[in-house]
Structure formats: C-alpha cells, structure tokens
Amino acid sequence: MKKGILMKLKLKAGNVYFISDSFFEKVNDPFLKINYKTTKRPHYFAFQDTITSLYWLVPCSSKIDKYENIVKKKQEQHKPTDTIKIIKIQNQKAVLLFQDMFPITDKYISEPYIRGGQLYYIADPKLISNLESTARKIVTLLHRGIKFTPTQPDINRIEKLMIAELQEKS
C-alpha cells in the first residue's frame, strides 16, 4: 500500500499497524522497539488520544510464555498486571505491552497488518473498549512520571515532538 494512500485512510479501532522507519530515526529513543530488518515486526495496537489527536501505539509480542511468566510473578507478588495484556487476536494469543506504548502521528503509520491476505485486527468491540480504557489509564500514569520498566521510552519527549509536528502541519 502506498504511503500517500494510507494517510487518507482513517485508522480504525482494533486494527494492528506497522510504523515507518522514519519515526524511529526522528525520535531516536533507545528503548523503542524498532523495526526488524528481515520481517515486518513489531506490529502495534493503535488508539487515538481525543485530547491531542495523537495515536498511542502499543507494541504486540508473540513471546507468550515469557510474558505469562512475568504476569504470574507479578500476581504472586500482588502487583498490578495492567501493563501487560495477553489477548487473542483472530484466535491466536498475542501480548500487548502497554508499558512500552508511545504517541505518534498518523504520518508515521506505514500500513495495516495484513496476514494471509486478510486484515489482522481485534474483532470484539468490548475487548477493544477494555484495551483502550487500560491504555488511557497507563497514559495517565506515564504522564505522572511513573516508570514501569527501566527500558521504558521517554513518552513525554516523544509526545512533545509529535505535538510540535501536528502544530506545524496546521
């Protein structure tokens, strides 16, 4: 799909997307999960921030066992597990890493995830609503300076860069 064509599309709740390399080059944050050289990874669950008009992207992982163990340890220690959600996307387990999410403009979203010729997306509207609610809660905590991991992207700096770009565009 051509970049110019995608920019005219409205991003849809529940869809999963890829990001262009130019975003990672511009932002230059050492803790962002950058694109792999050989495959189209990682992919991201996106939702829009109605206040800033930015999109927040939540990295998706296929390392189910790793994150199930992390969630289990957190539960045993009676710690919150909101930052990691293990869900099903089209009958396949996936991990959403809310702890690593970041803001972006639609300019850097290169294309939707197409798998086997079909759009890869979360179909359940109730699950999408729940995930967006979790994401908004995490964004609020991130804005308060809460750090969930030592390798967390600097979302406040990234957000300022993206808002500045939106203002230049207007």
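Residues numbered from 1 in each chain as written. Predicted model: local features only at pLDDT ≥ 70, side-chain atom pairs only at ≥ 80, totals over all residues. Heavy atoms only, no water.

Some points on the packing of aromatic side chains
Step number 1: As enumerated under the stated definition, the model contains six aromatic pairs in all.
Step number 2: Where Phe23 meets Phe24, the ring centres are 5.5 Å apart and the plane angle is 75°; that geometry is what we call edge-to-face. Neither residue differs from the other here; Phe23 and Phe24 are each classed as buried.
Step number 3: Geometrically, the ring pair formed by Tyr44 and Phe102 is edge-to-face, given 5.5 Å between the ring centres and 80° between the ring planes. Linking Tyr44 in strand β2 (residues 43-48) with Phe102 in strand β6 (residues 102-104), this pair joins segments that are 58 residues apart in sequence.
Step number 4: Relative accessible area serves as the criterion here: at 0%, Tyr44 is assigned to the buried category.
Step number 5: Under the relative-accessibility criterion, Phe102 is labelled buried at 1%.
Step number 6: In this structure an aromatic cluster arises from ring pairing among Phe23, Phe24, Tyr44, Phe102 and Tyr108. (Phe/Tyr/Trp six-rings, centres within 6.5 Å; stacked < 30°, edge-to-face > 60°. Buried < 20%, exposed > 50% of the residue type's maximum accessible area, 1.4 Å probe, protein only. Helix = DSSP H or I, 4+ residues; strand = E, 2+ residues; numbered from the N terminus.)

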